[in-house]
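Structure at a glance
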Amino acid sequence: MASIKLSNVCKSYGGLEVMRDVSFDIEDGEFVVLVGPSGCGKSTLIRMIAGLEEISSGEVMIDDKQVNNVSAKDRDIAMVFQSYALYPHMNVEQNMGFSLRIDGRPKDEIRKKVAEAAEALELTPLLRRKPGQLSGGQRQRVAMGRAIVRDPRAFLFDEPLSNLDAQLRVQMRAEITLMQKKYKTTTVYVTHDQVEAMTMADRIVVLRAGRVEQVGTPLDLFDQPQNIFVARFLGSPQMNFIPGVIEARGGQCFFKAEGVDVEIAAAYANHDGLAVQLGIRPSHVYRTRLGGEGALQAKIAFLENTGSETMLKLDLQGHAIQCVINERLSEQQGDAMIVSFDPDCLHLFDARTEQRLDAGVKK
Ligand SMILES: Nc1ncnc2c1ncn2[C@@H]1O[C@H](COP(=O)(O)OP(=O)(O)OP(=O)(O)O)[C@@H](O)[C@H]1O
Ligand SMILES: [Mg+2]
(Lines give C-alpha, C1' and ligand atoms only; values in the text may rest on other atoms or scores of the structure.)
(Ligands and ions follow the chains in the order given, each with its own letter.)
Protein backbone atom coordinates (compact mmCIF):
# COMPACT_ATOMS: atom_id res chain seq x y z
CA MET A 1 0.00 0.00 0.00
CA ALA A 2 1.12 3.51 -0.63
CA SER A 3 0.45 7.18 -0.25
CA ILE A 4 0.70 9.31 -3.38
CA LYS A 5 1.52 12.98 -3.46
CA LEU A 6 1.37 15.32 -6.44
CA SER A 7 3.05 18.72 -6.13
CA ASN A 8 2.67 21.41 -8.79
CA VAL A 9 2.46 18.86 -11.56
CA CYS A 10 2.34 20.39 -15.06
CA LYS A 11 2.12 18.71 -18.43
CA SER A 12 2.53 20.15 -21.91
CA TYR A 13 2.31 18.44 -25.27
CA GLY A 14 4.51 20.56 -27.52
CA GLY A 15 3.40 24.09 -26.72
CA LEU A 16 0.00 23.01 -25.39
CA GLU A 17 -0.30 23.08 -21.62
CA VAL A 18 -2.85 20.44 -20.54
CA MET A 19 -2.18 20.15 -16.77
CA ARG A 20 -1.44 23.20 -14.66
CA ASP A 21 -0.03 23.15 -11.16
CA VAL A 22 -1.90 20.10 -9.98
CA SER A 23 -1.33 19.37 -6.29
CA PHE A 24 -3.12 16.94 -4.00
CA ASP A 25 -2.35 14.07 -1.64
CA ILE A 26 -3.79 10.58 -1.58
CA GLU A 27 -3.56 8.80 1.71
CA ASP A 28 -2.53 5.22 2.16
CA GLY A 29 -5.59 3.01 1.55
CA GLU A 30 -7.74 5.85 0.28
CA PHE A 31 -10.17 5.66 -2.67
CA VAL A 32 -9.83 8.88 -4.64
CA VAL A 33 -11.97 9.62 -7.68
CA LEU A 34 -10.91 12.06 -10.40
CA VAL A 35 -13.85 13.67 -12.19
CA GLY A 36 -14.26 16.36 -14.78
CA PRO A 37 -15.55 16.91 -18.29
CA SER A 38 -14.03 15.27 -21.34
CA GLY A 39 -10.56 16.60 -22.14
CA CYS A 40 -9.92 18.05 -18.67
CA GLY A 41 -6.87 15.80 -18.19
CA LYS A 42 -8.10 12.85 -16.10
CA SER A 43 -6.39 10.18 -18.20
CA THR A 44 -3.24 12.26 -18.54
CA LEU A 45 -3.05 12.66 -14.78
CA ILE A 46 -3.60 9.00 -13.96
CA ARG A 47 -1.07 7.99 -16.63
CA MET A 48 1.46 10.33 -15.05
CA ILE A 49 0.89 8.62 -11.68
CA ALA A 50 1.35 5.24 -13.39
CA GLY A 51 4.54 6.42 -15.06
CA LEU A 52 3.11 5.92 -18.57
CA GLU A 53 3.41 9.63 -19.29
CA GLU A 54 6.28 11.93 -18.34
CA ILE A 55 5.52 15.03 -16.31
CA SER A 56 6.78 18.36 -17.64
CA SER A 57 7.43 19.87 -14.22
CA GLY A 58 6.51 19.30 -10.58
CA GLU A 59 6.81 16.19 -8.50
CA VAL A 60 5.09 12.83 -8.10
CA MET A 61 5.89 11.05 -4.83
CA ILE A 62 4.92 7.51 -3.89
CA ASP A 63 5.46 6.76 -0.21
CA ASP A 64 7.64 9.84 0.20
CA LYS A 65 9.92 8.82 -2.63
CA GLN A 66 10.08 10.95 -5.75
CA VAL A 67 9.24 8.78 -8.75
CA ASN A 68 9.43 11.32 -11.60
CA ASN A 69 12.11 9.25 -13.28
CA VAL A 70 11.05 5.79 -12.12
CA SER A 71 9.67 3.69 -14.97
CA ALA A 72 6.10 2.37 -14.92
CA LYS A 73 7.12 -1.22 -14.23
CA ASP A 74 9.20 -0.19 -11.22
CA ARG A 75 6.44 1.85 -9.60
CA ASP A 76 4.58 -1.27 -8.52
CA ILE A 77 1.20 0.17 -9.47
CA ALA A 78 -1.50 -1.69 -11.41
CA MET A 79 -3.66 0.05 -13.95
CA VAL A 80 -7.06 -1.14 -15.20
CA PHE A 81 -8.17 0.41 -18.47
CA GLN A 82 -11.55 1.04 -20.01
CA SER A 83 -10.77 -1.41 -22.81
CA TYR A 84 -9.59 -4.16 -20.37
CA ALA A 85 -6.74 -5.02 -22.76
CA LEU A 86 -7.11 -8.78 -22.22
CA TYR A 87 -5.18 -11.18 -24.45
CA PRO A 88 -7.84 -12.85 -26.64
CA HIS A 89 -5.90 -16.08 -27.21
CA MET A 90 -5.28 -16.73 -23.51
CA ASN A 91 -7.86 -18.10 -21.12
CA VAL A 92 -8.88 -16.32 -17.92
CA GLU A 93 -6.29 -18.08 -15.80
CA GLN A 94 -3.48 -17.28 -18.24
CA ASN A 95 -4.61 -13.67 -18.56
CA MET A 96 -4.68 -13.23 -14.80
CA GLY A 97 -1.28 -14.81 -14.28
CA PHE A 98 0.41 -13.16 -17.24
CA SER A 99 2.38 -10.45 -15.46
CA LEU A 100 3.57 -12.90 -12.80
CA ARG A 101 4.83 -15.26 -15.53
CA ILE A 102 6.69 -12.37 -17.16
CA ASP A 103 8.26 -11.68 -13.76
CA GLY A 104 9.42 -15.29 -13.70
CA ARG A 105 7.58 -16.19 -10.50
CA PRO A 106 7.32 -19.89 -9.63
CA LYS A 107 4.40 -21.77 -11.17
CA ASP A 108 2.93 -22.77 -7.80
CA GLU A 109 2.88 -19.22 -6.56
CA ILE A 110 1.19 -18.02 -9.75
CA ARG A 111 -1.45 -20.75 -9.52
CA LYS A 112 -2.14 -19.91 -5.87
CA LYS A 113 -2.42 -16.15 -6.42
CA VAL A 114 -4.66 -16.55 -9.46
CA ALA A 115 -6.88 -19.02 -7.59
CA GLU A 116 -7.24 -16.62 -4.65
CA ALA A 117 -8.10 -13.64 -6.82
CA ALA A 118 -10.47 -15.74 -8.96
CA GLU A 119 -12.26 -16.85 -5.80
CA ALA A 120 -12.62 -13.29 -4.52
CA LEU A 121 -13.93 -12.12 -7.90
CA GLU A 122 -16.18 -15.15 -8.43
CA LEU A 123 -14.25 -16.14 -11.53
CA THR A 124 -13.30 -19.67 -10.47
CA PRO A 125 -15.80 -21.42 -12.79
CA LEU A 126 -14.59 -19.32 -15.72
CA LEU A 127 -10.84 -19.89 -15.49
CA ARG A 128 -10.68 -21.99 -18.69
CA ARG A 129 -12.70 -19.61 -20.83
CA LYS A 130 -11.27 -17.17 -23.33
CA PRO A 131 -12.21 -13.44 -23.13
CA GLY A 132 -14.44 -13.83 -26.21
CA GLN A 133 -16.62 -16.25 -24.22
CA LEU A 134 -17.21 -13.80 -21.35
CA SER A 135 -19.73 -11.02 -20.73
CA GLY A 136 -18.56 -7.42 -20.39
CA GLY A 137 -18.80 -7.53 -16.61
CA GLN A 138 -16.85 -10.80 -16.43
CA ARG A 139 -14.11 -9.35 -18.64
CA GLN A 140 -13.97 -6.37 -16.36
CA ARG A 141 -13.49 -8.68 -13.39
CA VAL A 142 -10.67 -10.52 -15.18
CA ALA A 143 -8.96 -7.17 -15.81
CA MET A 144 -9.27 -6.44 -12.09
CA GLY A 145 -8.04 -9.90 -11.19
CA ARG A 146 -4.97 -9.38 -13.32
CA ALA A 147 -4.23 -6.24 -11.31
CA ILE A 148 -4.96 -7.86 -7.93
CA VAL A 149 -2.62 -10.85 -8.38
CA ARG A 150 0.32 -8.50 -8.59
CA ASP A 151 -0.41 -7.25 -5.09
CA PRO A 152 0.36 -3.72 -6.21
CA ARG A 153 0.92 -0.74 -3.94
CA ALA A 154 -1.91 1.09 -5.70
CA PHE A 155 -4.66 0.55 -8.26
CA LEU A 156 -5.37 3.03 -11.00
CA PHE A 157 -8.63 2.77 -12.92
CA ASP A 158 -9.39 4.80 -16.03
CA GLU A 159 -13.15 4.73 -16.67
CA PRO A 160 -13.32 0.97 -16.17
CA LEU A 161 -17.11 0.77 -16.43
CA SER A 162 -17.84 3.00 -19.36
CA ASN A 163 -18.31 0.08 -21.79
CA LEU A 164 -20.93 -1.62 -19.64
CA ASP A 165 -24.68 -1.21 -19.68
CA ALA A 166 -26.38 0.77 -16.93
CA GLN A 167 -27.38 -2.19 -14.76
CA LEU A 168 -23.96 -3.81 -14.91
CA ARG A 169 -22.29 -0.52 -14.09
CA VAL A 170 -24.24 -0.30 -10.86
CA GLN A 171 -23.32 -3.89 -9.97
CA MET A 172 -19.62 -3.48 -10.83
CA ARG A 173 -19.54 -0.17 -8.98
CA ALA A 174 -20.52 -1.98 -5.82
CA GLU A 175 -18.08 -4.82 -6.49
CA ILE A 176 -15.11 -2.51 -7.02
CA THR A 177 -15.97 -0.57 -3.87
CA LEU A 178 -16.25 -3.78 -1.82
CA MET A 179 -13.01 -5.09 -3.31
CA GLN A 180 -11.20 -1.93 -2.38
CA LYS A 181 -12.56 -2.03 1.18
CA LYS A 182 -11.40 -5.63 1.46
CA TYR A 183 -7.87 -5.18 0.15
CA LYS A 184 -7.56 -1.56 1.40
CA THR A 185 -5.33 -0.79 -1.57
CA THR A 186 -4.80 2.87 -2.39
CA THR A 187 -6.96 3.53 -5.44
CA VAL A 188 -7.25 6.33 -7.96
CA TYR A 189 -10.32 6.01 -10.13
CA VAL A 190 -11.21 8.14 -13.14
CA THR A 191 -14.77 8.67 -14.27
CA HIS A 192 -16.90 11.37 -15.75
CA ASP A 193 -19.95 9.85 -14.15
CA GLN A 194 -20.82 11.95 -11.13
CA VAL A 195 -22.91 9.21 -9.55
CA GLU A 196 -19.90 6.89 -9.59
CA ALA A 197 -17.82 9.64 -8.06
CA MET A 198 -20.34 10.38 -5.30
CA THR A 199 -20.95 6.75 -4.37
CA MET A 200 -17.45 5.27 -4.61
CA ALA A 201 -15.05 7.94 -3.41
CA ASP A 202 -13.56 8.62 -0.02
CA ARG A 203 -12.54 11.89 -1.62
CA ILE A 204 -13.21 13.45 -5.02
CA VAL A 205 -10.86 15.63 -7.05
CA VAL A 206 -12.77 17.83 -9.51
CA LEU A 207 -10.70 18.83 -12.53
CA ARG A 208 -11.42 21.44 -15.15
CA ALA A 209 -9.17 22.24 -18.09
CA GLY A 210 -6.09 20.78 -16.42
CA ARG A 211 -6.59 22.43 -13.03
CA VAL A 212 -7.91 21.21 -9.71
CA GLU A 213 -11.15 23.00 -8.86
CA GLN A 214 -11.84 21.34 -5.50
CA VAL A 215 -10.81 18.34 -3.42
CA GLY A 216 -13.05 16.94 -0.71
CA THR A 217 -15.38 14.21 0.47
CA PRO A 218 -18.45 13.67 -1.73
CA LEU A 219 -20.69 15.39 0.81
CA ASP A 220 -18.27 18.33 1.28
CA LEU A 221 -18.40 18.95 -2.42
CA PHE A 222 -22.15 18.56 -2.58
CA ASP A 223 -22.87 20.77 0.43
CA GLN A 224 -20.09 23.32 0.06
CA PRO A 225 -19.10 23.61 -3.60
CA GLN A 226 -16.35 26.21 -3.79
CA ASN A 227 -17.44 27.59 -7.13
CA ILE A 228 -20.20 27.43 -9.73
CA PHE A 229 -18.37 24.84 -11.83
CA VAL A 230 -18.25 22.29 -8.97
CA ALA A 231 -21.81 23.17 -7.96
CA ARG A 232 -23.04 22.43 -11.47
CA PHE A 233 -20.92 19.33 -11.92
CA LEU A 234 -22.21 17.37 -8.94
CA GLY A 235 -25.88 16.68 -8.32
CA SER A 236 -28.61 15.60 -10.68
CA PRO A 237 -30.73 17.39 -11.75
CA GLN A 238 -28.24 20.25 -11.63
CA MET A 239 -28.33 23.06 -9.12
CA ASN A 240 -30.49 26.03 -10.16
CA PHE A 241 -28.90 29.46 -10.45
CA ILE A 242 -30.64 32.81 -10.25
CA PRO A 243 -28.69 36.01 -10.91
CA GLY A 244 -29.33 38.89 -8.51
CA VAL A 245 -27.80 41.09 -5.82
CA ILE A 246 -27.31 41.01 -2.08
CA GLU A 247 -29.29 43.67 -0.27
CA ALA A 248 -28.91 44.56 3.41
CA ARG A 249 -31.90 46.31 4.96
CA GLY A 250 -33.25 46.77 8.47
CA GLY A 251 -30.61 44.55 10.08
CA GLN A 252 -31.50 41.67 7.75
CA CYS A 253 -30.05 40.51 4.50
CA PHE A 254 -31.76 39.45 1.29
CA PHE A 255 -31.05 38.01 -2.10
CA LYS A 256 -32.93 40.11 -4.62
CA ALA A 257 -33.70 39.36 -8.24
CA GLU A 258 -36.55 40.24 -10.57
CA GLY A 259 -39.66 39.11 -8.67
CA VAL A 260 -37.60 37.19 -6.08
CA ASP A 261 -36.80 38.31 -2.55
CA VAL A 262 -35.27 35.68 -0.31
CA GLU A 263 -33.91 36.23 3.16
CA ILE A 264 -30.32 35.03 3.59
CA ALA A 265 -28.04 35.00 6.65
CA ALA A 266 -27.58 38.49 8.11
CA ALA A 267 -23.84 37.93 8.05
CA TYR A 268 -23.88 38.46 4.26
CA ALA A 269 -24.54 42.16 4.97
CA ASN A 270 -20.90 43.04 4.31
CA HIS A 271 -21.51 42.01 0.68
CA ASP A 272 -24.33 44.55 0.34
CA GLY A 273 -24.83 45.47 -3.32
CA LEU A 274 -22.70 42.64 -4.69
CA ALA A 275 -23.85 40.92 -7.88
CA VAL A 276 -24.28 37.22 -7.10
CA GLN A 277 -25.73 33.96 -8.34
CA LEU A 278 -28.04 32.25 -5.88
CA GLY A 279 -27.70 28.47 -6.10
CA ILE A 280 -30.44 26.11 -4.93
CA ARG A 281 -30.64 22.39 -5.63
CA PRO A 282 -33.90 21.08 -7.15
CA SER A 283 -34.51 18.92 -4.08
CA HIS A 284 -34.30 22.00 -1.84
CA VAL A 285 -37.13 23.83 -3.59
CA TYR A 286 -40.27 23.04 -1.63
CA ARG A 287 -43.87 23.30 -2.58
CA THR A 288 -45.74 25.31 -0.01
CA ARG A 289 -49.43 25.81 0.43
CA LEU A 290 -49.07 28.96 2.48
CA GLY A 291 -48.24 32.42 1.21
CA GLY A 292 -46.33 34.87 3.38
CA GLU A 293 -42.70 34.89 4.43
CA GLY A 294 -40.37 33.28 1.89
CA ALA A 295 -43.19 32.29 -0.46
CA LEU A 296 -42.47 32.61 -4.15
CA GLN A 297 -45.05 32.58 -6.92
CA ALA A 298 -44.23 30.23 -9.75
CA LYS A 299 -45.91 28.67 -12.75
CA ILE A 300 -45.51 25.06 -13.80
CA ALA A 301 -43.85 25.05 -17.23
CA PHE A 302 -43.38 21.29 -17.41
CA LEU A 303 -44.21 18.37 -15.16
CA GLU A 304 -42.97 14.78 -15.19
CA ASN A 305 -44.13 12.04 -12.89
CA THR A 306 -41.57 9.29 -12.39
CA GLY A 307 -43.81 7.33 -10.04
CA SER A 308 -41.86 7.96 -6.87
CA GLU A 309 -41.29 11.65 -7.42
CA THR A 310 -42.39 14.59 -9.51
CA MET A 311 -39.90 16.57 -11.56
CA LEU A 312 -40.98 20.10 -12.29
CA LYS A 313 -39.71 22.88 -14.47
CA LEU A 314 -40.97 26.12 -13.02
CA ASP A 315 -41.18 29.62 -14.31
CA LEU A 316 -40.29 31.65 -11.25
CA GLN A 317 -40.99 35.24 -12.24
CA GLY A 318 -39.09 34.74 -15.49
CA HIS A 319 -36.35 32.52 -13.97
CA ALA A 320 -36.38 28.90 -15.14
CA ILE A 321 -35.78 26.56 -12.22
CA GLN A 322 -36.13 22.84 -11.66
CA CYS A 323 -37.64 21.23 -8.65
CA VAL A 324 -38.01 17.63 -7.45
CA ILE A 325 -40.84 16.77 -5.11
CA ASN A 326 -41.36 13.46 -3.35
CA GLU A 327 -45.07 13.32 -3.89
CA ARG A 328 -47.61 13.22 -6.65
CA LEU A 329 -49.26 16.47 -7.57
CA SER A 330 -52.75 17.21 -8.77
CA GLU A 331 -51.48 20.36 -10.49
CA GLN A 332 -50.78 20.37 -14.20
CA GLN A 333 -48.71 22.21 -16.69
CA GLY A 334 -49.66 25.89 -16.70
CA ASP A 335 -50.97 25.87 -13.11
CA ALA A 336 -49.66 28.26 -10.48
CA MET A 337 -47.61 26.92 -7.60
CA ILE A 338 -46.15 28.54 -4.49
CA VAL A 339 -42.65 27.44 -3.61
CA SER A 340 -40.04 28.28 -1.01
CA PHE A 341 -36.29 27.65 -0.80
CA ASP A 342 -34.82 25.73 2.09
CA PRO A 343 -33.03 28.57 3.94
CA ASP A 344 -30.27 26.20 5.13
CA CYS A 345 -29.48 25.05 1.61
CA LEU A 346 -28.87 28.30 -0.22
CA HIS A 347 -25.54 28.77 -1.98
CA LEU A 348 -24.23 32.19 -2.92
CA PHE A 349 -21.54 32.77 -5.51
CA ASP A 350 -19.86 35.99 -6.56
CA ALA A 351 -21.25 36.60 -10.07
CA ARG A 352 -17.91 37.87 -11.37
CA THR A 353 -15.45 35.35 -9.90
CA GLU A 354 -17.99 32.48 -9.65
CA GLN A 355 -16.42 31.62 -6.27
CA ARG A 356 -18.48 30.70 -3.23
CA LEU A 357 -19.30 33.56 -0.90
CA ASP A 358 -19.12 32.84 2.75
CA ALA A 359 -21.22 34.90 5.11
CA GLY A 360 -19.16 37.37 7.10
CA VAL A 361 -15.99 36.94 5.04
CA LYS A 362 -15.06 40.18 3.35
CA LYS A 363 -13.84 39.77 -0.23
N1 LIG B 1 -0.53 12.63 -26.87
C2 LIG B 1 -1.15 13.81 -26.82
N3 LIG B 1 -0.75 14.86 -27.58
C4 LIG B 1 -1.36 16.06 -27.54
N5 LIG B 1 -2.41 16.34 -26.75
C6 LIG B 1 -2.87 15.35 -25.97
C7 LIG B 1 -2.28 14.03 -25.96
N8 LIG B 1 -2.96 13.28 -25.07
C9 LIG B 1 -3.92 14.06 -24.58
N10 LIG B 1 -3.87 15.31 -25.10
C11 LIG B 1 -4.75 16.45 -24.75
O12 LIG B 1 -4.69 16.62 -23.36
C13 LIG B 1 -5.96 17.02 -22.85
C14 LIG B 1 -6.36 16.05 -21.74
O15 LIG B 1 -6.62 14.78 -22.29
P16 LIG B 1 -7.09 13.54 -21.43
O17 LIG B 1 -7.11 12.37 -22.30
O18 LIG B 1 -6.24 13.49 -20.22
O19 LIG B 1 -8.56 14.00 -21.02
P20 LIG B 1 -9.67 13.19 -20.20
O21 LIG B 1 -10.08 14.06 -19.07
O22 LIG B 1 -9.18 11.83 -19.89
O23 LIG B 1 -10.87 13.12 -21.24
P24 LIG B 1 -11.97 11.95 -21.50
O25 LIG B 1 -13.02 12.12 -20.43
O26 LIG B 1 -12.51 12.30 -22.84
O27 LIG B 1 -11.26 10.63 -21.45
C28 LIG B 1 -6.90 17.04 -24.02
O29 LIG B 1 -7.02 18.37 -24.46
C30 LIG B 1 -6.20 16.18 -25.06
O31 LIG B 1 -6.55 16.59 -26.36
MG1 LIG C 1 -9.77 9.89 -20.45
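Residues numbered from 1 in each chain as written. Chains lettered and ligands numbered in written order. Predicted model: local features only at pLDDT ≥ 70, side-chain atom pairs only at ≥ 80, totals over all residues. Heavy atoms only, no water.

Turning to the environment of Lys 107, a few remarks are in order. Here Lys 107 lies in helix 3 (residues 107-120). The exposure class assigned to Lys 107 is exposed, which follows from its relative accessible area of 66%. Taking the C-alpha atoms as reference points, Lys 107 and Ile 325, 218 residues apart in sequence, are found 60 Å from one another. (Helix = DSSP H or I, 4+ residues; strand = E, 2+ residues; numbered from the N terminus. Buried < 20%, exposed > 50% of the residue type's maximum accessible area, 1.4 Å probe, protein only.)

Turning our eyes to something else, we now look at helix 3. Helix length check: helix 3, at 14 residues, gives a terminal C-alpha distance of 20 Å against a target of 20 Å (1.5 Å per residue), a fit within 8%. Where helix 3 is buried, its residues touch helix 2 (92-102) and helix 4 (136-148). In the stretch just after helix 3, Glu 122 is the one whose phi turns positive, near 55°. (Expected span 1.5 Å × (residues − 1). Contact = heavy atoms within 4.5 Å.)

Here the focus is the pattern of salt bridges. Counted according to the given criterion, the structure contains 22 salt bridges. Here Arg 111 and Asp 108 are joined by a salt bridge, their closest N and O atoms 3.6 Å apart. Of this pair, Arg 111 and Asp 108 both sit in helix 3, three residues apart, roughly one helical turn. Judged by relative accessible area, which is 57%, Asp 108 ranks as exposed. With a closest N to O distance of 3.7 Å, Asp 358 and Arg 356 form a salt bridge. A relative accessible area of 34% means that Asp 358 is categorised as partly exposed. Taking the relative accessible area as the measure of exposure, Arg 356 reaches 9% and is therefore buried. Each of Lys 11, Arg 47 and Glu 53 takes part in salt bridges that share partners, so that together they form one network. (Salt bridge = Lys/Arg side-chain N within 4 Å of Asp/Glu carboxyl O.)

Attention shifts here to the packing of aromatic side chains. All chains considered together, the criterion is met by six aromatic pairs. Ring plane angle 50° and centroid distance 4.6 Å describe the contact between Tyr 87 and Phe 98, whose orientation is recorded as tilted. With Tyr 87 in the loop between strand 6 (77-80) and helix 2 and Phe 98 in helix 2, this pair connects stretches of sequence that are eleven residues apart. Among the residues examined, Phe 98 registers a relative accessible area of 22% and is labelled partly exposed. (Phe/Tyr/Trp six-rings, centres within 6.5 Å; stacked < 30°, edge-to-face > 60°.)

In the vicinity of ligand 1, the contacting residues are Tyr 13, Val 18, Pro 37, Ser 38, Gly 39, Cys 40, Gly 41, Lys 42, Ser 43, Thr 44, Glu 159 and His 192. A distance of 2.8 Å separates an oxygen atom of ligand 1 from a polar side-chain atom of Lys 42. The separation between an oxygen atom of ligand 1 and a polar side-chain atom of Ser 43 is 2.8 Å. Against a free-state accessible area of 630 Å², the protein chains account for coverage of 58% of ligand 1. Per element, the largest residue contribution to the shell around ligand 1 is three residues, and it comes from helix 1 (residues 42-50). (Near = heavy atom within 4 Å. Polar contact = N/O pair within 3.5 Å; in protein donor to acceptor, adjacent residues only side chain to side chain. Areas by Shrake-Rupley, 256 points an atom, 1.4 Å probe, with all protein chains shown as cover.)

All right, on to helix 1 then. Of all the nine residues making up helix 1, seven are buried; the element is thus mostly covered by neighbouring parts of the structure. All of the buried residues along helix 1 are Lys 42, Thr 44, Leu 45, Ile 46, Met 48, Ile 49 and Ala 50. Phi for Gly 51, located one or two positions after helix 1, is positive at around 90°.

Moving on, we come to the packing of helix 2 against helix 3. Packing of helix 2 against helix 3 leaves a shortest axis separation of 10 Å and a crossing angle of 130°. Viewed along their axes, helix 2 and helix 3 adopt a mutual orientation that is oblique. Both helix 2 and helix 3 take part in a crossing whose hand is right-handed. Between helix 2 and helix 3, the contacting residues are Glu 93, Met 96, Gly 97, Leu 100 and Arg 101 on the first element and Ile 110, Arg 111, Lys 113, Val 114, Ala 117 and Ala 118 on the second. For the contact of helix 2 with helix 3, a count of residues per class yields six nonpolar, one polar and four charged. (Axes fitted to C-alpha atoms, helices over the stretch in contact; angles between N-to-C directions. Parallel < 35°, antiparallel > 145°, perpendicular 65-115°, else oblique. Left-handed = near helix turned anticlockwise from the far one by under 90°. Nonpolar A, V, L, I, M, F, W, Y, C, P; charged D, E, K, R; others polar.)

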